[in-house]
Amino acid sequence: MNAVSRSVPIQRHPSRQVPVHSRMRSSRSSPVSPLASRTSRQKVERLDTSRERTPGWLRSLMILQRGSDVITLILGIVTLTIYSWTVYTQQQWTQEYRKLGTLQRNERDLTTTNEIIKDQLAQQAERPATGLVTPTTANTLLLSPAPQRQFQESPNQTFEQETLAKTPLGY
């Protein structure tokens with residue numbers, strides 16, 4: 001067999017790729033040298049310390065981003081609430097408007113029916129078989145008004161007037 005080795009890239013860190021040999025030369029040798037593992041540990045430690053040393057302006061921007069995320073979430077919830085309330089009120093308005101239209105139609109029907117009944121009664125009254133007489137000045141009855149009566153105060157009313165006069169306005 002040929003001693004040619006093929007390398008396959010395996011991604012360890014997002015920014016760099018390390019080739020790994022598909023065939024090992026011996027069972028005793030390690031695929032990663034101790035020097036390489038030591039340098040990778042140092043890089044990880046440097047990354048950890050760099051996270052701790054973030055500048056103040058960057059931290060304030062991160063806090064500002066979190067705050068704006070919370071505000072955006074709250075505004076989204078408020079927007080959805082107002083939208084759903086608007087849709088609900090429009091549906092309620094539509095239902096009530098339909099009821100109003102139905103009531104107006106019923107009112108027109110009742111007015112028409114009432115006028116039809118009045119017309120039928122007037123036509124029946126004009127027939128001679130009913131025994132009704134058309135009004136004239138000769139068959140009009142005039143009634144004299146009743147005599148005027150004197151107003152008499154009852155003892156109960158005077159007691160109420162005295163109590164009201166003694167009672168303070170604040171009560």
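Please read all numbers here as calculations on a predicted model, not as lab measurements.

Applying the stated rule across the entire model yields 2 salt bridges. Note that Glu115 and Lys118 form a salt bridge whose closest N and O atoms lie 3.8 Å from each other. Here Glu115 pairs with Lys118, and both are found in helix H2 (residues 56-126), just 3 residues apart, close to one helical turn. What makes Glu115 partly exposed here is its relative accessible area of 44%.

The next thing to look at is the confidence of the model for the chain. Overall, the prediction assigns the chain a mean pLDDT of 78, with 58% of residues at 70 or greater. Per-residue pLDDT, averaged within each element of the chain, yields its smallest value for strand E2 (residues 16-21) (51) and its largest for H2 (96).

Turning our attention to a nonpolar patch on the surface. On the surface, Val70, Ile74, Val78 and Ile82 cluster together into a nonpolar patch covering about 340 Å² of accessible area. As for its placement among the helices and strands, Val70 is situated in helix H2. Its relative accessible area of 48% is what places Val70 among the partly exposed residues.

Thresholds, definitions, all that
Residues numbered from 1 in each chain as written. Predicted model: local features only at pLDDT ≥ 70, side-chain atom pairs only at ≥ 80, totals over all residues. Heavy atoms only, no water. Salt bridge = Lys/Arg side-chain N within 4 Å of Asp/Glu carboxyl O. Helix = DSSP H or I, 4+ residues; strand = E, 2+ residues; numbered from the N terminus. Buried < 20%, exposed > 50% of the residue type's maximum accessible area, 1.4 Å probe, protein only. pLDDT = per-residue confidence, 0-100. Patch = residues over 30% accessible without salt bridge, like charges linked within 9 Å, V, L, I, M, F, W, Y side chains within 5 Å. Areas by Shrake-Rupley, 256 points an atom, 1.4 Å probe, with all protein chains shown as cover.

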